[in-house]
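Examining the three-dimensional arrangement
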Amino acid sequence: MTRARRTAVAAPNALAAQAGVDAVALGGTAVDAALAAMAVTFVSEPGIVSAMGGAFVAVWPVQGDPVVVDGNAEMPGRGLPPERFGRGVRNVWLDYAGGMEIQAGAGSVATPGAFAAMERAHEMFGGASWAQVLAPAIHVADRGWRVGAAAGSRRSTRRARADSTAAPSRRA
């Protein structure tokens, strides 16, 4: 008698959740499921999450202590004196998420670490092939998807703001 593996995946949309379930069905681990869901989310939730940032992948193996794979974005020149950056950073106010001040400019550029963390977590705890883990995200990117409520709301807000500031001849 063969017992089916039961799988639960928490994800922001059905495509990402299904990618996780499929990863386990292909012989993958819970980590493969999480990584597959994460990769699909990078594709299907634009403006909400991004592969072009950092990530921390937390895993608590059945037999062992918790592990956190650090994929934080790395800033070129980290540890150098601030004067090395000259005027490469300026403060910018954003209305996003209720408002926040960030630093932007050439001195604020960082190397994304999300995929490096995902790859390391897969090497340590994965069971499916890396190609199998990423295949659903590639499929969604290739075939397209219905934009979810969160990403759609963000897009409509940005469009409304852009339309209100456009010249009258460019307004829809």
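The preceding data block contains the structure.
So, here is what we can say about the structure in this document. (Residues numbered from 1 in each chain as written. Predicted model: local features only at pLDDT ≥ 70, side-chain atom pairs only at ≥ 80, totals over all residues. Heavy atoms only, no water.)

**Let's talk about the nonpolar core**
Here is the rule: By nonpolar core is meant a set of buried Ala, Val, Leu, Ile, Met, Phe, Trp, Tyr and Cys residues that side-chain atoms within 4.5 Å join together. Only protein chains enter the calculation, and the probe is 1.4 Å; a residue is then buried if its accessible area is under 20% of its type maximum, exposed if over 50%, and partly exposed in between. Counting from the N terminus, the helices are DSSP H or I runs at least four residues long and the strands are E runs at least two residues long. Here, two residues are considered to be in contact whenever any of their heavy atoms come within 4.5 Å of each other.
Ranked by internal contacts, the top residues of the largest apolar core, which has 25 residues, are V31, V40 and V57. Here this core takes seven residues from helix α2 (residues 30-44), the largest share from any one element. For V31, the contacting residues outside a window of four places in its chain are V59, A121 and F125.

**What to know about the packing of aromatic side chains**
Formally: For this analysis, a ring pair means two rings from Phe, Tyr or Trp (six-membered ring only for Trp) whose centres lie within 6.5 Å, classed as stacked if their planes differ by under 30 degrees, edge-to-face if by over 60, and tilted for the remaining angles.
Summed over the entire model, instances satisfying the criterion amount to one aromatic pair. Considering the side-chain rings of F42 and F115, the 5.7 Å spacing of their centres and the 65° angle between planes classify their relative orientation as edge-to-face. Residue F42 is located in helix α2, and its partner F115 is located in helix α3 (residues 114-125); the two are separated by 73 residues in the primary sequence. Judged by its relative accessible area of 16%, F42 falls in the buried class. The class of F115 is partly exposed, set by a relative accessible area of 37%.

**Some thoughts on the pairing of strand β3 (residues 90-94)**
For clarity, the threshold we go by: A pair of strands counts as paired when DSSP detects no fewer than two bridges linking them.
For β3 and strand β4 (residues 100-104), the ladder comprises five bridges, and the chain directions are antiparallel. Paired with N91 across the two strands is Q103, which belongs to β4. Connecting β3 to the next strand, β4, in antiparallel fashion are five residues, including A97 with a positive phi near 55°.

**Structural notes on α2**
Quick note on the threshold: Here the expected span of a helix is defined as 1.5 Å times the quantity of residues minus one. The definition of a polar contact used here is a pair of N or O atoms within 3.5 Å, where within protein one atom must be able to donate a hydrogen and the other to accept one, and adjacent residues in sequence count solely through side-chain atom pairs.
For α2, with 15 residues, the first-to-last C-alpha span of 21 Å sits near the 21 Å given by 1.5 Å per residue. The element α2 is largely enclosed, with a buried count of eleven among its 15 residues. The complete set of buried residues in α2 reads V31, D32, A33, L35, A36, A37, A39, V40, T41, F42 and S44. The inward-facing, buried residues of α2 abut α1 (14-25), β1 (55-59), α3 and α4 (130-143). Taking the backbone nitrogen of V31 as reference, a side-chain oxygen 3.2 Å away marks T29 as the first, capping residue of α2.

**Comments concerning the pairing of β1**
Taking every second residue as pointing to the same face, the buried face of β1 carries A55, V57 and V59, while none of F56 and A58 on the other face is buried. Bridge analysis of β1 against strand β2 (residues 67-71) gives five bridges, and the strand direction is antiparallel. When the bridges of β2 are listed, A55 appears paired with G71.

**Re the layout of surface pockets**
Definition in use: In the cavity and pocket records, a cavity denotes points on a 1 Å grid over the protein atoms alone where a 1.4 Å probe fits but cannot get out, a pocket denotes an open set with protein on both sides within 12 Å along at least 5 of 7 lines, and lining residues are residues with an atom within 4 Å of a point. Grid points are joined across faces, edges and corners, and a volume is the space filled by probe spheres set on the points. Residue polarity is assigned by list, with Asp, Glu, Lys and Arg as charged and Ala, Val, Leu, Ile, Met, Phe, Trp, Tyr, Cys and Pro as nonpolar; anything else, Gly included, falls into the polar class.
Of the volumes computed, that of the second largest pocket is approximately 280 Å³. Residue lining of the second largest pocket: 15 residues in total, with A30, V31, A58, V59 and W60 positioned closest to the centre. Secondary structure elements with two or more residues in the lining of the second largest pocket: α2 and β1. Considering only residue class, the lining of the second largest pocket consists of 14 nonpolar, one polar and no charged.

**Looking at the pattern of salt bridges**
Defined as follows: Just to be clear on terms, a salt bridge is a Lys or Arg side-chain nitrogen sitting within 4 Å of an Asp or Glu carboxyl oxygen.
On inspection of all chains with the given rule, the structure shows one salt bridge. A salt bridge links E123 to R120; the shortest N-O distance between them is 3.5 Å. Taken together, the positions of E123 and R120, both in helix α3 and three residues apart, correspond to about one turn of that helix. For E123, a relative accessible area of 52% corresponds to the exposed category. What makes R120 partly exposed here is its relative accessible area of 43%.

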